[in-house]
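Tertiary structure, described
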Amino acid sequence: QVQLEESGGGLVQAGGSLRLSCAGSGRTLSTYAMGWFRRAPGKEHEFVGAISWRGSTNYADSEKGRFTISRDNAKNTVYLQMNSLKPEDTAVYSCAAGRSYTYTTRYDYEHWGQGTQVTVSS
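Side note on the nonpolar core
Counting residues in hydrophobic clusters, the biggest one holds 26 residues, and the most contacted among them are L4, M34, W36, V78, L80, M82 and Y93. Elements with a contribution of two residues or more to this core: β3 (18–25), β4 (33–39), β5 (46–51), β7 (67–72), β8 (77–82), β9 (91–98) and β11 (116–121). Formed by six residues, the second largest nonpolar core is a distinct cluster that contains F47, A60, A96 and Y109.

Structural data, given as structure tokens:
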């Protein structure tokens, strides 16, 4: 069983940047595709992007060009670099482990972290 823990969230002004980390334990993440999702208050989980075990990426259209997902399999960690942040990016961001980076719904991912809060002020 793999455990995931996100970190790096916080409060940032619009236009700023944050890098979130997702550290795995209990099992290597290198065999998983890793996805990032976010959930704003009163809304459903929204797909942000995902990365294959080889490093191929897939992003939601609204994040293309602003967000970058990377992974360091040696550190068993996945990252979400977020630039040019907007107030509408405010949400709890969670990482998840699944079978394919082409999957974009939360039901396709098996293991989840607790999430980290990102708040973007205007």
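Still to come is the rest of the account.
Considering the sheet that holds strand β1 (residues 3–7)
Across the sheet, four strands lie side by side as β1-β3-β8-β7; this open sheet has antiparallel pairing. If you trace the sheet from one side to the other, it starts and ends with β1 and β7, each paired once. Along the sheet, successive strands turn relative to each other by an average axial angle of 15 degrees, direction set aside. Of the strand pairs in this sheet, β7 and β8 are connected by six bridges, and their pairing is antiparallel. The residue of β8 that forms the bridge with D72 is T77.

What to know about the packing of aromatic side chains
What the rule picks out here adds up to three aromatic pairs. Ring centres of F37 and Y109 lie 5.2 Å apart, and the angle between their planes is 75 degrees; on these two criteria the pair is classed as edge-to-face. Here the residue F37 occupies a position in strand β4, and Y109 occupies one in strand β10 (residues 109–112), the gap between them amounting to 72 residues. Look at F37 and W112: their rings are 5.0 Å apart centre to centre, the planes differ by 50 degrees, and that puts the pair in the tilted class. Of this pair, F37 sits in strand β4 while W112 is found in strand β10, placing the two residues 75 residues apart along the sequence. Judged by its relative accessible area of 26%, W112 falls in the partly exposed class. The rings of F37, F47, Y109 and W112 are connected pair by pair, giving a single aromatic cluster. One cation-aromatic arrangement involves R106 over Y107; the distance from NZ or CZ to the ring centre is 5.4 Å. Sitting above the plane of the W112 ring, R106 keeps its charged end 5.8 Å from the centroid.

Parameters at a glance
- Residues numbered from 1 in each chain as written.
- Predicted model: local features only at pLDDT ≥ 70, side-chain atom pairs only at ≥ 80, totals over all residues.
- Heavy atoms only, no water.
- Core = buried A, V, L, I, M, F, W, Y, C linked by side-chain atoms within 4.5 Å.
- Buried < 20%, exposed > 50% of the residue type's maximum accessible area, 1.4 Å probe, protein only.
- Helix = DSSP H or I, 4+ residues; strand = E, 2+ residues; numbered from the N terminus.
- Pairing = 2+ DSSP bridges.
- Axes fitted to C-alpha atoms, helices over the stretch in contact; angles between N-to-C directions.
- Phe/Tyr/Trp six-rings, centres within 6.5 Å; stacked < 30°, edge-to-face > 60°.
- Lys NZ or Arg CZ within 6 Å of the ring centre and 35° of its normal.

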